[in-house]
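# Notes for the structure review
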Amino acid sequence: MVTDPLASDFDPIPFRIHPRVFAALGADLVTNDVVAVIELVKNSYDAFASNVWIRFKTDLEEGPFIEIEDDGQGMSKEIIEDVWCVVATPHKEKNPYARSGGKRRRVAGKKGLGRLSAGRLGESLQVLTQPTGQACWEVKVSWSDLAGHTALSSCIAQLRRYPKESPFNVSGTRLRIFGLTLPWDASKVADLEDNLTRLISPFAAVGTFNIFLVGPDSSGAAPLSIQPPEFLNAPKYVILGEADSGGKVIAEYRFDPIRDGKGRTKRVSLTWQQAYDSMKERWQSLGRKRFLFDEKGPKCGQFSFEIRAWDIDPEGTKEIQDRFDYQKSKVRRAIRAHKGISVYRDGILILPKSETSRDWLGLDLRRVSRVGGRLSTNQIVGYVALTAANNPDIEDTSDRERLVDNLAVAQFEEILITVVQLLENERDGDRSQKPPSQPLVELFSRLHADSVVSETEEIVQSEGPASDVLPLLKQFNDELKTTAKELQQRFTFYSQMATVGTIAQILVHEIRNRTTSFGHFVRMVRDRLGPLKDPDVAEAATWAEEAIHSLENLADTFAPLASRSFRRRIRDSVVEERIRACFELLRGDFRKKKVDCTFPEGKTRVAMDPGELDAVVLNLMTNSLYWLGSVNDKHGKLLFQLEKIDRGSRVRVWAHDNGPGVAKEDAPKIFDPGFTRKPGGIGMGLTVASELVREYGGQMQISSGKLGGASFGFDLPARKD
């Protein structure tokens, strides 16, 4: 052991904790009064209570106070002294389950700070508590007195055997909080009611934990049983299922028209590979340079989910009013009270706890970032059920407003966003709307603000908060962008692909700049290292050179499109060569996903520019690669075939794969703008491809799969050599 010769020069200074810690951990840490009450109700849940009553009362001497009473297990004198009076006790962490009558319940708290929520609500606390078959004990704490001390050693709670008759039949705990810090008006109590309805998971057994509320103006009235409105259990759109420990999502989508129409049910699934591809694409679209997720599987564990959605425009709320005899002005408020996605761990809510954290997944910002049929938090009520055993790394932070920042949580959030995207895709197909391919006159007719004005008036009349108007404005902005984008897309193609030239200029410039530097790097490696003896290094260098060559060929292909003088039908294409060139460009993806690509040999010449033909073929290839990722139990196959039609005047190109295929109900709209079943997709790939083919008198088509999956075909005019 090495002795520090200067150690004797130091004076030992003990750490001390100022009594203000009670305020810092209670009044400052818990974000608002509603969250504070919820934390105390959670303590009743942890005590294995079946019922908890929250009452707002007034005492002639003490004034207004809050009473929270339960029929839980109560506390013994030893528990009060050794656990309750120990700040940040590890008791619940060491004893994660409460047990009663042969049953057990995972406790909701773990940090030992929940009881300090009472310090935020008022100046003093009285506790009556009684375990089964034991005495009733009384505890008194004055938070204001504690804060006035200068040393923690002088801070005490007063404890005695309760001298009066116990208020409990068998066992339980009753808290009374006096000297309330802030008043509780009707609006604040209504906010508490709304949040209490979210506290217990809908997956929990009915009657296992009941909450009753008596407001300050409810003298003599029966306690209000906290339950959500009936219509929240009958959503118009819903997706429910689970994500397993391997990241695979297996779910069921249901559409139940509230008024008229035929509903439908569809099984949907997503492999981890597909989810991974979608996540990576989303991160890249957000400009994030690094993607930290592991392609082999997620760090988070299994969890269940149910996400419900409604149309909340005037027609949608009117439907709910008519079917459920529910006041229209309260529909928005009810959805607003439960809006967003709530996470329950072992049956109790962990997130979100307050209004500020409702959009913890960033759905509203995501919705504004791109036009389309994305859902906002105001339209969905979601539930996620997980267990501490399966997801030990998914924890809420000490302020109860968010989840801790780690890789498991990040992947958990991304999987949920992907599930929302699946719901959005299916919902788009069931929404009552005009066909996507509308005449230009109808597109222009959408450029008005009538709907947003009407909805804003409804919010004002129902006394909703101003924050509810913002999503409407964002939605209106989205709709304008959607219309503008569709107009732009139409005019792009109708004006001889004028913008393709600009895009091609950028593409060619960037590709050639990068291939030059990449090529220089590979040559430097070979020059410096000499003959590459390591087979892995040699193979990698060869792949790099092949990739560079493919990119250079791609630049050469698009170079004529970059010219301002580009005109169609000037350059011909050899179909077999273009398919091979596109395959070389995606060779790495085919290899990684273990997909065999077979294409014909020959020199079939067609009257289509190579750059345009590549755009069509690449779209078909990338679509097949994605959907083949959903089939884990068989080797992927993609087969290209050619056939002469119309007495040899045209050539039809077929792309067959052995993926999941296209659902029968999706086939008629597969080429419509905006239609997609890919999470995060924009639904324009096949639209663009079909527009390009149409310019040459051809047509994209879909048929029953030759290999058991999807088969896409398109025809082009043939050219003689």
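Residues numbered from 1 in each chain as written. Predicted model: local features only at pLDDT ≥ 70, side-chain atom pairs only at ≥ 80, totals over all residues. Heavy atoms only, no water.

### A look at the environment of V384
Here V384 is to be found in strand 17 (residues 380–386). Each C-alpha atom, one on V384 and one on S342, is 6.2 Å from the other, the two residues being 42 residues apart in sequence. (Helix = DSSP H or I, 4+ residues; strand = E, 2+ residues; numbered from the N terminus.)

### Thoughts on the packing of helix 2 (residues 33–46) against helix 7 (residues 186–196)
Look at helix 2 against helix 7: their axes get within 10 Å of each other, and the N-to-C directions meet at 45 degrees. On the basis of the axis angle, helix 2 is oblique to helix 7. Two packed elements cross with a definite hand, and for helix 2 against helix 7 that hand is right-handed. Here D33, V34, V37, I38 and V41 of helix 2 lie close against helix 7, whose contacting residues are K188, D191, L192, N195 and L196. Of the residues that constitute the contact of helix 2 with helix 7, the class distribution is 6 nonpolar, 1 polar and 3 charged. (Axes fitted to C-alpha atoms, helices over the stretch in contact; angles between N-to-C directions. Parallel < 35°, antiparallel > 145°, perpendicular 65-115°, else oblique. Left-handed = near helix turned anticlockwise from the far one by under 90°. Contact = heavy atoms within 4.5 Å. Nonpolar A, V, L, I, M, F, W, Y, C, P; charged D, E, K, R; others polar.)

### Points about the packing of helix 9 (residues 314–324) against helix 10 (residues 328–338)
Geometry of a packed helix pair, given as the angle between the helix axes and the separation of the axes. Direction vectors running N to C along helix 9 and helix 10 enclose 105 degrees, while the axes themselves pass 9 Å from each other. Looking at the two axes, helix 9 sits roughly perpendicular to helix 10. Here P314, T317, K318, I320 and Q321 of helix 9 lie close against helix 10, whose contacting residues are K328, V331 and R332. Looking at the contact of helix 9 with helix 10, its residues break down into 3 nonpolar, 2 polar and 3 charged.

### Considerations on the packing of aromatic side chains
The way to describe two aromatic rings as a pair is by their centre distance and the angle between their planes. For the structure on display, the rule yields 16 aromatic pairs. With a centroid separation of 5.6 Å and 15 degrees between ring planes, the pair formed by Y237 and F255 is classed as stacked. Of this pair, Y237 sits in strand 11 (residues 237–243) while F255 sits in strand 12 (residues 249–255), placing them 18 residues apart in sequence. Note on Y626 and W627: the rings are 4.9 Å apart at their centroids and 85 degrees apart in plane angle, and the pair reads as edge-to-face. Taking NZ or CZ as reference, R427 lies 5.5 Å from the ring centre of Y237, over its face. The ring of Y626 carries K678 above its face, with NZ or CZ at 5.1 Å from the centroid. (Phe/Tyr/Trp six-rings, centres within 6.5 Å; stacked < 30°, edge-to-face > 60°. Lys NZ or Arg CZ within 6 Å of the ring centre and 35° of its normal.)

### A closer look at the nonpolar core
One broad trend across soluble globular proteins is that nonpolar side chains are buried collectively. V41, I54, W184, L196, I211, F231 and W310 are the most contacted members of the largest nonpolar core, which totals 55 residues. The element best represented in this core is helix 2, accounting for 7 residues. Non-local contacts of L196, meaning those with residues more than four positions away in its chain, are made with I38, V41, I54, I211 and I226. Counting 44 residues, the second largest nonpolar core, distinct from the first, contains Y237, V249, M279 and I307. (Core = buried A, V, L, I, M, F, W, Y, C linked by side-chain atoms within 4.5 Å. Buried < 20%, exposed > 50% of the residue type's maximum accessible area, 1.4 Å probe, protein only.)

### A word on the pairing of strand 11
Regular strands place side chains that alternate from one sheet face to the opposite one. Strand direction decides the pairing type here: strand 11 and strand 12, joined by 7 bridges, are antiparallel. Residue pairing across strands places I239 opposite Y253, the latter belonging to strand 12. Hairpin connection, strand 11 to strand 12: the antiparallel pair is bridged by 5 residues, and G247 has positive phi, about 85 degrees. With 7 bridges joining them, strand 11 and strand 14 (residues 303–309) adopt antiparallel strand pairing. In the sheet register, A243 faces strand 14, and the bridge partner there is F303. (Pairing = 2+ DSSP bridges.)

### Quick notes on the pairing of strand 9 (residues 210–214)
Of all 5 residues in strand 9, 4 are buried, a share of seventy percent or more. The pairing of strand 1 (residues 51–59) with strand 9 spans 5 bridges and is classified as parallel. Its bridge partner lying in strand 9, I54 is registered against L213. Sheet topology places strand 9 next to strand 10 (residues 224–225); 2 bridges connect them, and they run antiparallel. Bridging across to strand 10, F212 finds its partner in S225.

### Here we look at the confidence of the model for the chain
Reading fine detail from the predicted coordinates is not recommended where pLDDT is low. On average, residues of the chain score 77 in pLDDT, and 68% of them reach the 70 mark or higher. In the model, residues 107–111 has pLDDT below 50 throughout and makes 23 contacts with residues more than four positions away in sequence or in other chains. With pLDDT under 50 throughout, residues 562–566 is counted as low confidence; its partners more than four residues away or in other chains account for 8 contacts. (pLDDT = per-residue confidence, 0-100.)

### A short note on the pattern of salt bridges
Tallied over the entire structure, the rule returns 34 salt bridges. Where R323 meets D256, a salt bridge forms, and the shortest distance between an N and an O atom there is 3.8 Å. Highlighted residues: R323 in helix 9 and D256 in the loop between strand 12 and strand 13 (264–270), separated in sequence by 67 residues. According to the relative accessible area criterion, D256 is partly exposed, its value standing at 33%. When salt bridges that share partners are traced, they join R264, K266, E426, D430, E665, D666 and R677 into one network. (Salt bridge = Lys/Arg side-chain N within 4 Å of Asp/Glu carboxyl O.)

### Some points on the sheet that holds strand 24 (residues 710–717)
The sheet built from 5 strands is open, its strands ordered 19-21-22-24-23 with mixed pairing. Strand pairing shows two members of the sheet lacking a second neighbour, strand 19 (595–598) and strand 23 (700–704), which therefore form its edges. Neighbouring strand axes in the sheet, compared pairwise and without regard to direction, differ in orientation by 20 degrees on average. Of the pairings in the sheet, the one linking strand 23 to strand 24 comprises 5 bridges and is antiparallel in character. Looking across to strand 24, one finds that M700 is bridged to F714. Lying on the sheet, helix 18 (residues 575–585) is in contact with strand 19, strand 21 (636–645) and strand 22 (650–657); it crosses strand 21 at an angle near 165 degrees.

### Some details on unusual backbone geometry
For the bond running from L351 to P352, omega is -5 degrees, close enough to zero to count as cis. Checked against the element boundaries, P352 lands in the loop between strand 16 (348–351) and helix 11 (363–369). Residues other than glycine seldom take positive phi values, yet F48 does so here, at roughly 65 degrees. Mapped onto the elements, F48 comes out in the loop between helix 2 and strand 1. Owing to a relative accessible area of 13%, F48 belongs among the buried residues under this scheme. Here the phi dihedral of D646 falls at roughly 50 degrees; this positive angle occurs in a residue that is not glycine. Summarising the element assignment, D646 is placed in the loop between strand 21 and strand 22.

### Points about the sheet that holds strand 11
By definition, the strands of a sheet pair up through backbone hydrogen bonds, in either a parallel or an antiparallel sense. Judged by pairing direction, the sheet is mixed, and its 7 strands sit side by side in the order 13-12-11-14-17-15-16 without closing on themselves. Since the sheet does not close on itself, it has two edges, and those belong to strand 13 and strand 16, each with one partner. For this sheet the average axis-to-axis angle between neighbouring strands, irrespective of direction, equals 20 degrees.

### Re the side chain of N378
Position of N378 among the secondary structure elements: in the loop between helix 11 and strand 17. Engagement of the side chain of N378 in a polar contact is seen with the side chain of K339, the distance being 3.3 Å. (Polar contact = N/O pair within 3.5 Å; in protein donor to acceptor, adjacent residues only side chain to side chain.)

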